[in-house]
Amino acid sequence: MTDRIVIVGGGPGGYEAAHVAAQLGAEVTVVDTDGVGGSAVLTDCVPSKTLIATSELMTDMATAQELGVNFRDHVGDAATSIVVDLARVNARVKQLAADQSADIASGLERDDVRVVTGRGRVGPGLTVVVDTGSGEETLEADAIMLATGAAPRTLPSAQPDGERILTWEQVYDLTEVPEKLIVVGSGVTGAEFASAYLSLGIDVTLVSSRDRVLPGEDADASAVLEEVLTRRGMNVLSKSRMQSVTREGDEVTVTLTDGRTVTGSHCILALGSVPNTADLGLEEAGVFTDEAGFIKVDRVSRTSARGIYAAGDCTGVLMLASVAAMQGRIAMWHYLGDAVAPLDLKKVSSNVFTSPEIATVGWSQNAVDSGEMAAEVVMLPLAGNARAKMQGVRDGFVKLFCRPGTGIVVGGVVVGPRASELIHPVSIAVAESLTADQLAQAFTVYPSMSGSIAEAARRLHRV
Ligand SMILES: Cc1cc2nc3c(=O)[nH]c(=O)nc-3n(C[C@H](O)[C@H](O)[C@H](O)COP(=O)(O)OP(=O)(O)OC[C@H]3O[C@@H](n4cnc5c(N)ncnc54)[C@H](O)[C@@H]3O)c2cc1C
């Protein structure tokens, strides 16, 4: 008998699971409110990285003069005479997101996956009840997958108005360049937007409640980033906790808990996410959540209720599109009896798309410093790399962690332009338990930034 799988949520957790389930012969239905692709494609990952593609170009232009490039008829630094057309950038962002969603929809159609537009909740037995707007449809299932994602957190004292006080989902409606932008929150999302808008030539103040930007990342990496952002003119307010955000006319005021105020023309709230798990019928179905509302899952994405799996941001395991997708696939491999290995977070590579980028994989410096993981560490500045010199790149480094004795690579950090691409050899080393010697012996192109990864690995050689 064909297994019937009903997936609630069409983001990467949901649509990747749908492909796997279809491939394994199941009859699959995806229920989504907004269009497949989820927040990842429509409001979060894809739009922000498309915006950042423009900001990268602007950042590259900053070194134009040093590399001998100028505009015809323009005396002085080319970088000072370029301006961004934000309306055009945002139109491109929205179009690209819509196209990507359409591509995903076509892929699901090719796999014979049925997509139902509406809001789903778990019903009695293994059913999903869909509110389609014009009525209700009940879908019977042999297994259910919940992948409903998360939404931007807001506070009663800091309410977005969609015009000048914005969540990260609302920034693409801006048609004019903000004169003075305040970003509240210095986690990954806050840092990415602050860095992107700074590169677009906007006056940016970053309000951070902690003592440094990116408190969850490698401390050496965030120190480099903070130094670069400050040097480029960003006003970074650390140890500054926001109490409220208010607007009067065209002016936005951020009031801090110590009474100081910061004013600007616009404010982006990057205060973290809350899971979309209310009104999903979880309690009645016996699906346990934690106190913040995230669905509790094991490493093969099972919830506490038999036949109900969950994946992605609604589980809060690690809020990345790549992890959501893998949790979704694992759930289906597990339920449909294919070979499956439990999720291993130590193999996840991730990237902060600031300028410079910060990419990490495996065990962290924190774990080494606290004694949780015994590892030798080497850190190599990119400034000594021949390719970096040619490209005028001065900021960034490569850091590798390997086990004493065996030399097995257990983690790494890359800070620099396109660090997201450079981390891959380190990810392979971590995933396959390669030694630093093995990583060092593979040829790298001369000159290349990846040469620094091999060089760092060589420095970990012990006789
Ligand atoms: C600004 C920003 C940038 C990011 N950039 C990156 C990045 O570069 N790389 C990366 O790996 N990650 C990135 N992330 C994280 C990434 O976007 C999420 O981890 C990812 O979207 C999680 O996927 P998901 O499938 O769990 O949920 P989502 O992508 O949120 O999809 C869930 C879907 O379910 C729908 N839904 C919710 N409730 C219901 C319901 N009851 N019935 C039907 N449908 C429902 C939602 O409307 C949504 O369409 C970023 C996040 C943010 C905020």
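An unreviewed UniProt entry annotates the protein chain as NAD(P)H-quinone dehydrogenase originating from Nocardioides hwasunensis.

Asker: How do you make sense of helix H12 (residues 424-431) when you look at a structure like this?
Answerer: Residues spaced three or four apart along an α-helix point in a common direction, a consequence of the helix completing one turn every 3.6 residues. Taken together, the buried positions of H12 are occupied by Val426, Ser427, Ala429 and Val430. The arc enclosing the buried residues of H12, seen along the axis, measures out at 160°, which places them on a common side. Remark: serine 433 follows H12 within two positions and exhibits a positive phi of approximately 50°.

Asker: It is not clear to me how the site of the ligand should be interpreted in this structure. Could you clarify?
Answerer: By nearness alone, 35 residues border the ligand, and Gly13, Thr33, Gly120, Asp313 and Ala321 come closest of all. Here an oxygen atom of the ligand and a backbone polar atom of alanine 40 are 3.0 Å apart. In this structure, an oxygen atom belonging to the ligand sits 3.2 Å away from a main-chain N or O atom of leucine 320. With the chains in place, 92% of the 1,000 Å² that the ligand exposes on its own is no longer accessible. Only helix H1 (12-23), strand E2 (27-32), helix H2 (38-42), helix H3 (45-61), strand E4 (119-123), helix H5 (188-199) and helix H8 (321-335) provide two or more residues apiece to the shell around the ligand. For the shell around the ligand, the per-class residue count stands at 14 nonpolar, 15 polar and six charged.

Asker: Honestly, the pairing of strand E7 (residues 143-146) in this entry has me stumped. Any pointers?
Answerer: The two faces of a sheet get side chains in turn, since along a regular strand they alternate between them. The alternating pattern of E7 places Ala143 and Met145 and Ile144 and Leu146 on opposite faces, both of which are buried. Here three bridges tie E7 to strand E18 (residues 308-310), and the two strands are oriented parallel to one another. The residue bridging isoleucine 144 from the neighbouring strand is isoleucine 308, located in E18.

Each value, and the rule that gives it
- Residues numbered from 1 in each chain as written.
- Predicted model: local features only at pLDDT ≥ 70, side-chain atom pairs only at ≥ 80, totals over all residues.
- Heavy atoms only, no water.
- Buried < 20%, exposed > 50% of the residue type's maximum accessible area, 1.4 Å probe, protein only.
- Helix = DSSP H or I, 4+ residues; strand = E, 2+ residues; numbered from the N terminus.
- Arc of directions from axis to C-beta.
- Near = heavy atom within 4 Å.
- Polar contact = N/O pair within 3.5 Å; in protein donor to acceptor, adjacent residues only side chain to side chain.
- Areas by Shrake-Rupley, 256 points an atom, 1.4 Å probe, with all protein chains shown as cover.
- Nonpolar A, V, L, I, M, F, W, Y, C, P; charged D, E, K, R; others polar.
- Pairing = 2+ DSSP bridges.

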